[in-house]
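# Working through the structure, step by step
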Amino acid sequence: MSLFFSKLQRVVLVAGVAFPSFALAGAGTPQYPVAALPSSLRENAHAVVRRQDESLAVKSVGRTVETTRRAVTVLDEAGSQWATEVVYYDKLNTITYFRGTVYDEAGRVVRQLRTADIHDISLSDGFSLATDARGRTADLRQPSYPYTVEFEYEVVSDNPLFYSTWRPQPAEQLAVEEATFRVLTPTSLPLRFQERHLPSDGALVRSKQGALDVFQWQVRNLAAIEDEADSPPVSELAPMVLTAPTEFEVEGYHGRLSSWQDLSKWTYDLNAGRDVLPPAIQAQMAALGRGEKDERARIRKVYEYLQANTRYISIQLGIGGWQTFPASSVAANGYGDCKALTNYCKALLQAAGVTSYAALVRAGSTAQDIRTDFPSSQFNHVVLCVPLTSTRPDTVWLECTDQTNPFGYMSSFTGNRHALLLLPQGGRLVATPRYGAAENRRERRADVHFDLQGNATASIRTRHTGLEFDAIAGLTGLAPSEQKKRLGDRLPLPSFTITKFSLTPDESGAVPVLTENLTLAVPALAPPNGKRVFITPNLLCRTSAPRATVGERRTDIWLSHAYTYTDTVRLHIPAGFRPEQLPAPVKLATPFGDYLSQVQVMPDGNILYIRRLLMPNTRFSRTDYPAYLDFRRRVSAADKAQVVLVKTEA
Amino acid sequence: MKVATLWSCALLSGLLLNSTRSIAQDIPIHLGSFSAKELPSAPADTTAPAEVLCDFGQSKIEGGMDGFVVRFDRITRVHILRRTGYEWATVKVPLYHRDGQQEKLQQLKGFTYNLVGGEWKKEPLKTDAVFSRKLTANVDEYAFTLPNVREGSVIEFSYAILSNFVFNLQDWQFQQEIPVRWSEYRTTVPSFFRYKEISRSYLPFAVNETTTPFYRTSYRSKTSDGHGGYSAGASDKVYNISTQAVARRWVLKDAPAFREEPFLTTPRDYLSRVDFELERIQFPDQEPQFVVGTWEQIEKNLLKDEEFGGFLERATPLTSGAAALATLHANDLPARADAVRTLVMQAVGYDGTNTLYAEHSAKKLLELRHGTAGEVNLLLVRTLRDAGLTANPLLLSTRAHGRIQTDLPVVSQFNYVVAHVTLPDGKELLLDATEPLLPFTLLPERCLNNQGRLLSTTGRWVPLTTTQTHLVYTAADFTLDARSTISGTIRQEYAGYAAPSARSTARESEHALRKQWQSTHPDWTVERADVAGTNELGKPLVVTFTTRLAGAEEAVATMYVRPLQHLGPGASPFRHDERLFPVDLPSSRRLEYSVKLHLPTGYSATSLPTSALINLPNDGGRFLYSVSQLSPETLQITARLALNKTQYSPNEYVALRELYARALAKMAEPLVLTKQTK
């Protein structure tokens, strides 16, 4: 399975899993009886891992064998996903066996998986033109609960660039009774590993077995993790052991891996010499370089050439997952995958007199950053890093797989994280651009005109910048009728009609801007009630507090998205009404965020509402949750505040 | 995919020799011949990512080795207008194979044309950009992509598919997600074969014609040695065949891009397309073989089919259990049917796949303990019969599979089967054993698609419209204090088709329903939530929340209270002002509210919203709202929103949308309460 994808696509990380085979229990010896499960493990759990044994055996510098045996008791329908299994394979990974058994509640064998019941599927990611990724799948779901399934399989890998990552508790609402992880490696091929969130009894036991070093980890009785609002992902809560080789070989390419520098050098060497352009394009770029003195402008022109003349096509076969197609192939076909397009762009820039470096990154808008303190192959994408020399010290980052991506913008796909520069002498980790509350802004100005029946027309202008741009940028490529529908779907109003709209992007700055103009007809937005009219001036940006925790808060608060929202709303009130009651201003300054809302009557009798909410990217202890909830509730209450108008006595 | 039995090779004799060639209509496009004058002066839709200039396909039945083959040719030309249209330059072709027979992709060619310095430069598709992979046991996929595609490129490709599967005449979709200027499909079928065709279109065909040209082909066969076997090295015998053919031709011009709308069954029901099913094979001097003829014929074939009727004929491991249920529920036949359904559901779960057939035997199903809809429900039919009930299979098409056209008897219209039971008093039951959370009286929503075909001694159509509605009833008892804080209980009943999903959430975890309600009603503080009826499938699921909605910080003299706004649906489901296709809902819908509000001491209602009654034409739906003063301290608010029909035409859409808008506005009107000064 190759690990390189385009910006446009979701990222699929596949961990190789592993193995030892156990003889089936003889008839009459119950295995995993459900009655033996402690109630503490059933709490919040849809399924319980009864026993999971994984092993990684390093056979040589070029081969590993991973085995898995996992028995899971499925408690209810929501846990039945654990009764199916997919084992991945491709050109470099071979499945040697795949077995399964079903046990009833009492632990008696009710069914053995037969070869005929295992299906072979192509793991089409839906966007690759070609991929050799395949899987064998088995479905042991039962119609009544509880029951236990056990899967055993072994995968021989000729791709030891990736060692196993042990995640005994990979999901929420899954408890673990017992799990072990064993690594056997020749002393000459020392193991590198990093432990995360291991409980105190999960300590490592090391031993020797002939010429092999043996490492064994174990965890027991892990209660199910429950999903909570604004909480860290399960990978930041559950035990994990990352492992990596010190030395490996893939399809004849040998490498060492003890530092980021090693991995950088190996990847660089694998792709070196593939950046030769056809003479015509070489000359075209050289002329372009000579014609544009400003370095940034020159880079932009090359990037625009790339975007206009290439497109992303994914072809993932064997070592092709890591090695680029040559630049000449992209020049001839006009397409390539992320490696090929980045390599091509690098060659174009070089021809135009600009030096740049490819940089590996773990892409994905919900992906966690790599473990920077554990050098290993944790990446799935590559971008281009262009250091500027002649202007102020700065760097331009280029996403090469997207024909519409704004110049120099990394978006939520690759921004705010670390990337590994690929250099001939071995590179280092660098930070990609940071997009914080100052960059990610949504600024809205609205004018709302009311008639005497309380119907309104509203003209609304919204600027979306930085990561706020990402959510709406996709609309610009759509047909107007589709844009109108999607814009309508985003409006939090009970009923309305969009009478006019436009979307105007501006990609000239450091972060892109999209200006959205809307004109709406909103019937019965504030119908008069007797003498009075009630208007909530916060028309479009009401927030709600996160739901209260049922019971005690268990996890820390992770506010991972930073933003600033400002709203300025002018309420044009019909003649014959005057404000009777205005909400008091609210100003909150907290570590979680800052909030301001105020309403004032303008000299012309209209009403001006101003709201500003700034949320930084922050983390807090779970004990701060009540304070955080209080902040969010105050914001929510202020957002709902109403203006009361009353008929003037005529 | 279930495949009709291949016709056996017939001996051909007495065929007409010689024929005249018919003069074919010129084909609208030739590969490799694109020139600038063929480019329209302006795209049909300047905002489209790409535009199909011409999509031309034809299918012909031709003689082959020991039988006939279907040859499908396609030539397509697309103008790429914007970068978002690049995906149209990648094409995927699925090819079917089974029992050593296969569809073969041939003569794949393609070109990209780019305007370079005023000249259209032409580049060919390279074979190294063609990839194949195994998709399933019976389907391989060929994928290719054209080179150097840019904004403004014109791409074209052509290929042929040769197939032994004469039952599978390629279907054709005229409309795409991008505009199509010209889409044309032709079929030429010799008189020995007859296909039923299903064409549907919301757009008019520019051409829809039938001709009967002369037809000639040659057919090769191994020669027999006269002793029942084939002689080694014998030369092939060639028959020249001439006969008449039926040629069909459809053209759709200037089709706008197809766009999905909410509340549709499946895009297939709305896209312009034509599908085929082999109906009859008849060679000269032979009896016709009816592959498909009438619904009766389909029923007969199905009942003979090993994976359908054959399945129903064999005893199953549940047979004895069914007999026991017959004794247990000797007199109450509906209760017996219910018990049989439970027996089946406990034995075999539904794996999420919809089929008409049972690939596995009942014995194997009970070993696997899960199966397709066809497997689960055919087992249900058989087990109902084993329990002494008059049960028969009822064929249907799920909503996602598209609407049944009753005048076209083709089996591929169906993809699902349920059980039909006739009681001695003439009452009928429809049963499905795929969804344990549904009471036995309800079919899953996916089945509520027009009508189904009953396979009994006399086949007939049975309506699948349901009298059961999707009903959410909310009754609240609120007490208001002087700060306008609302506290009290909210009792929500989910009944009919509203019950299954609520029940499924309730079974997920103890707090799941509470969490779900809180995420859609974040303003309320929920002190406790009690769920009742989780396991009593015949009754509504009832959730009772003890809640509080915070008011002002201190007492207010005049308060404006909107209890229904905080309980209601929030936003209209009919957000878009334009509608091209009918709204299609699985069942009728009702939202009902009944709120009792106890006022704080010393306050009285000074202004109350007026009552309202809004009716849709033809009893299509209604909204009813009223506030009444039960006593000086108590108000009663009632609101009912009902959509009585399951289909609303695009003309009715405006009124439907308006009904929701006015209902929401009414429910948001405040009740004004004022402190009385003594």
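Residues numbered from 1 in each chain as written. Chains lettered and ligands numbered in written order. Predicted model: local features only at pLDDT ≥ 70, side-chain atom pairs only at ≥ 80, totals over all residues.

## A look at the overall build of chain A
- Each helix and strand counted, chain A has ten helices and 38 strands in total.
- On the principal axes, the C-alpha backbone points of chain A span a range of 100 × 75 × 45 Å.
- When each of the 650 residues of chain A is scored for burial, the buried share is 45%.
- Counting contacts in chain A only where the partners sit at least 6 residues apart, residues at least 24 apart contribute 75% of the total. (Helix = DSSP H or I, 4+ residues; strand = E, 2+ residues; numbered from the N terminus. Buried ≥ 20, exposed ≤ 12 C-beta atoms within 10 Å, placed from the backbone. Contact = placed C-beta atoms within 7 Å.)

## Considerations on the sheet that holds strand S19 (residues 390–396) of chain B
Residue and element names in this part refer to chain B.
- Strand order in the open sheet formed by five strands is S21-S20-S19-S22-S23, with antiparallel pairing between adjacent strands. Edge strands, defined here as strands with exactly one partner in the open sheet, are strand S21 (428–431) and strand S23 (460–463). Along the sheet, successive strands turn relative to each other by an average axial angle of 35°, direction set aside.
- With four bridges connecting them, strand S22 (residues 451–454) and S23 associate as antiparallel partners. Of the residues in S23, the one forming a bridge with Leu454 is Arg460. (Pairing = 2+ DSSP bridges. Axes fitted to C-alpha atoms, helices over the stretch in contact; angles between N-to-C directions.)

## Considering the domain arrangement of chain A
Residue and element names in this part refer to chain A.
- Partitioning chain A into domains gives domain 1 (34–250), domain 2 (269–431) and domain 3 (441–647).
- Summarising the inter-unit geometry, the C-alpha centres of domain 1 and domain 3 are found 46 Å apart.
- Contact residues are listed per partner, giving seven residues for domain 1 and ten residues for domain 3. (Domains from an automatic or database assignment.)

## Remarks on helix H10 (residues 625–639) of chain A
- For H10(A), spanning 15 residues, the distance from its first C-alpha to its last is 21 Å, which sits close to the expected 21 Å at 1.5 Å a residue.
- Residues of H10(A) that are buried in the fold lie against strand S31 (557–559), strand S34 (586–589), strand S35 (594–601), strand S36 (607–615) and strand S37 (618–620) of chain A. (Expected span 1.5 Å × (residues − 1).)

## Considering the nonpolar core
- Ranked by internal contacts, the top residues of the largest apolar core, which has 70 residues, are Cys345(A), Leu348(A), Ala359(A), Val383(A) and Leu398(A).
- The element that contributes the greatest number of residues to this core is helix H6 (residues 338–351) of chain A, accounting for nine residues.
- When sequence neighbours within four positions are dropped, the list of residues in contact with Leu398(A) reads Tyr303(A), Cys345(A), Val383(A), Leu384(A), Val386(A) and Gly408(A).
- With 57 residues, the next largest nonpolar core counts Val344(B), Val376(B), Val381(B) and Ala419(B) among its residues. (Core = buried A, V, L, I, M, F, W, Y, C linked by C-beta atoms within 7 Å.)

## With respect to the interface of chain B and chain A
- If you look at the interface, chain B gives 57 residues, while chain A gives 44 residues.
- Breaking the side of chain B that touches chain A down by element, the ones donating at least two residues are strand S6 (130–134), strand S7 (139–145), helix H4 (333–347), helix H7 (499–508), helix H8 (512–520) and helix H9 (650–667) of chain B.
- Among the residues forming the side of chain B that touches chain A, the class breakdown is 22 nonpolar, 17 polar and 18 charged. (Nonpolar A, V, L, I, M, F, W, Y, C, P; charged D, E, K, R; others polar.)

## Some words on the domain arrangement of chain B
All names here are of chain B.
- Taken domain by domain, chain B consists of domain 1 (44–293), domain 2 (296–463) and domain 3 (470–675).
- At the interface, seven residues of domain 2 touch eight residues of domain 3.
- Each residue belonging to the side of domain 2 that touches domain 3 can be placed in one class, and the counts come to four nonpolar, no polar and three charged.

## Quick word on the environment of Arg575(B)
- Take Arg575(B): it is sitting in the loop between strand S28 (558–561) and strand S29 (583–584).
- Spatially, the C-alpha atoms of Arg575(B) and Ile29(B) are 42 Å apart, while their sequence positions differ by 546 residues.
- Those residues in contact with Arg575(B), other than ones at most four positions away along the chain, are Gly488(A) and Asp489(A).

## Quick notes on the pairing of strand S25 (residues 486–496) of chain B
All names here are of chain B.
- As paired strands, strand S24 (residues 470–480) and S25 are joined by eleven bridges and run antiparallel to one another. In the sheet register, Ala476 faces S25, and the bridge partner there is Ile490.
- Linking two consecutive strands that pair antiparallel, namely S24 and S25, is a turn of five residues; a positive phi of about 70° is found at Ser484 within it.
- Pairing of S25 with strand S27 (residues 541–549) involves nine bridges; the strand directions are antiparallel. Its bridge partner being in S27, Thr489 is matched across the sheet by Thr546.

## Side note on the packing of helix H4 (residues 295–309) of chain A against H6(A)
Residues and elements named next belong to chain A.
- H6 packs onto H4 with a crossing angle of 140° between their chain directions and a minimal axis gap of 10 Å. If you check the angle between H4 and H6, you find them oblique. Where H4 crosses over H6, the two elements pack in a sense that is right-handed. Across the interface between the two elements, Ile299, Val302, Tyr305 and Leu306 of H4 pack against Cys345, Leu348 and Leu349 of H6.
- In terms of residue class, the contact of H4 with H6 is made up of seven nonpolar, no polar and no charged. (Parallel < 35°, antiparallel > 145°, perpendicular 65-115°, else oblique. Left-handed = near helix turned anticlockwise from the far one by under 90°.)

## Observations regarding unusual backbone geometry
Residue and element names in this part refer to chain A.
- In this model, Tyr145 is joined to Pro146 through a cis peptide bond whose omega is -5°.
- Along the polypeptide, Pro146 turns up in the loop between strand S8 (134–139) and strand S9 (147–157).
- Of note, Tyr32 is a non-glycine position whose phi angle comes to about 50°, a positive value.
- Examined against the element boundaries, Tyr32 turns out to sit in the segment before helix H1 (39–42).
- For Tyr32, a count of 24 C-beta atoms within 10 Å translates into the label buried.
- Even without glycine at this site, Gln173 takes up a positive phi of about 60°.

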